[in-house]
Amino acid sequence: MLKGIIDGCVLAIIKNKEVYGYELAEKLEAYGFESFSEGTIYPMLMRMQREELVSATFKKSTAGPRRKYYSLTQKGEKELQHFITRWEQLQQSVNQVLQNGVNSS
C-alpha cells in the first residue's frame, strides 16, 4: 500500500518543481517519510521514467557533476490526478470506518 502512496507523493512533488534524486529524498524526509534513501528513490525514478510518468534531463550543478532532473510528463500528470481521486476515496472510506468504530465503542 505504501508503494502506491509514495509513487503518488513523488509525482506530486515533481509536479511542483523538477527535482534531482537526492533533493527528492530530502523532500520526502521533510514530509515525514524517513525510510526512503537514494537507494530506494533512484530505482523508483527509473521505473517511472520507463513508464513515461517522468522525463529526465541533465543540468549543470553548482557543486560537482551534472545532475539528472526529473519532471512530470503529460502521462505523469494524468496518473497524479488518478492517484488523487483514489486517495480521496480511500481516505473517506478509512475515516468512516474509524469514526464508526470509535463511536460504536
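Residues numbered from 1 in each chain as written. Predicted model: local features only at pLDDT ≥ 70, side-chain atom pairs only at ≥ 80, totals over all residues. Heavy atoms only, no water.

Trainee: Just to check I follow, could you spell out the side chain of Ser61 for this structure?
Mentor: Topologically, Ser61 is positioned in the loop between strand 2 (54-59) and strand 3 (67-72). For Ser61, a relative accessible area of 17% translates into the label buried. Polar contacts involving the side chain of Ser61 include one to the main-chain carbonyl oxygen of Ala63, which spans 2.8 Å. If we skip the residues at most four places from it in the chain, Ser61 touches Arg66 and Arg67. (Helix = DSSP H or I, 4+ residues; strand = E, 2+ residues; numbered from the N terminus. Buried < 20%, exposed > 50% of the residue type's maximum accessible area, 1.4 Å probe, protein only. Polar contact = N/O pair within 3.5 Å; in protein donor to acceptor, adjacent residues only side chain to side chain. Contact = heavy atoms within 4.5 Å.)

Trainee: Mind showing me how you'd approach the pairing of strand 3 here?
Mentor: Side-chain positions along a regular strand alternate between the two faces of the sheet. The pairing of strand 1 (residues 19-20) with strand 3 spans 2 bridges and is antiparallel. Within the sheet, the bridge partner assigned to Val19 lies in strand 3 and is Tyr70. (Pairing = 2+ DSSP bridges.)

Trainee: Help me out: how do you make sense of the nonpolar core in this one?
Mentor: Nonpolar side chains in soluble globular proteins tend to be buried together. Residues Val10, Ile14, Leu24 and Ile41 are the most contacted members of the largest nonpolar core, which totals 20 residues. For this core, the secondary-structure elements that each account for two or more residues are helix 1 (2-16), helix 2 (21-30), helix 3 (38-50), strand 3 and helix 4 (74-103). The element contributing the most residues to this core is helix 1, with 5 residues. (Core = buried A, V, L, I, M, F, W, Y, C linked by side-chain atoms within 4.5 Å.)

Trainee: Any chance you could explain the packing of helix 2 against helix 3 here in plain terms?
Mentor: Packed helix pairs are characterised by how far apart their axes lie and by the angle those axes make with each other. At a minimum axis distance of 9 Å, the contact between helix 2 and helix 3 shows a crossing angle of 115°. Here helix 2 runs over helix 3; the crossing is right-handed. On helix 3, the residues that touch Gly21, Tyr22, Leu24, Ala25 and Leu28 of helix 2 are Glu38, Ile41, Tyr42 and Leu45. Among the residues making up the contact of helix 2 with helix 3, the classes are represented as 7 nonpolar, 1 polar and 1 charged. (Axes fitted to C-alpha atoms, helices over the stretch in contact; angles between N-to-C directions. Left-handed = near helix turned anticlockwise from the far one by under 90°. Nonpolar A, V, L, I, M, F, W, Y, C, P; charged D, E, K, R; others polar.)

Trainee: Explain helix 1 here, please?
Mentor: For an α-helix, 3.6 residues make a turn, and residues three or four places apart therefore share a direction. In this model, helix 1 (15 residues) spans 21 Å end to end at C-alpha, consistent with the 21 Å of a helix rising 1.5 Å per residue. Listed as buried for helix 1 are Ile5, Ile6, Asp7, Gly8, Val10, Leu11, Ile13 and Ile14. (Expected span 1.5 Å × (residues − 1).)

Trainee: I keep staring at helix 3 and nothing clicks. Help me out?
Mentor: Here helix 3 is 13 residues long and its end C-alpha atoms lie 18 Å apart, about the 18 Å a rise of 1.5 Å per residue gives. Buried within helix 3 we find Ile41, Met44, Leu45, Arg47 and Met48. For helix 3, the angular spread of buried residues about the axis comes to 160°, placing them on one side. Opposite the packed face of helix 3, turned more than 90 degrees from it, sit the exposed residues Gly39 and Arg50. If you follow the buried residues of helix 3, they end up packed against helix 1, helix 2, strand 2 and strand 3. Looking at the residues trailing helix 3, positive phi occurs at Glu52, about 65°. (Arc of directions from axis to C-beta.)

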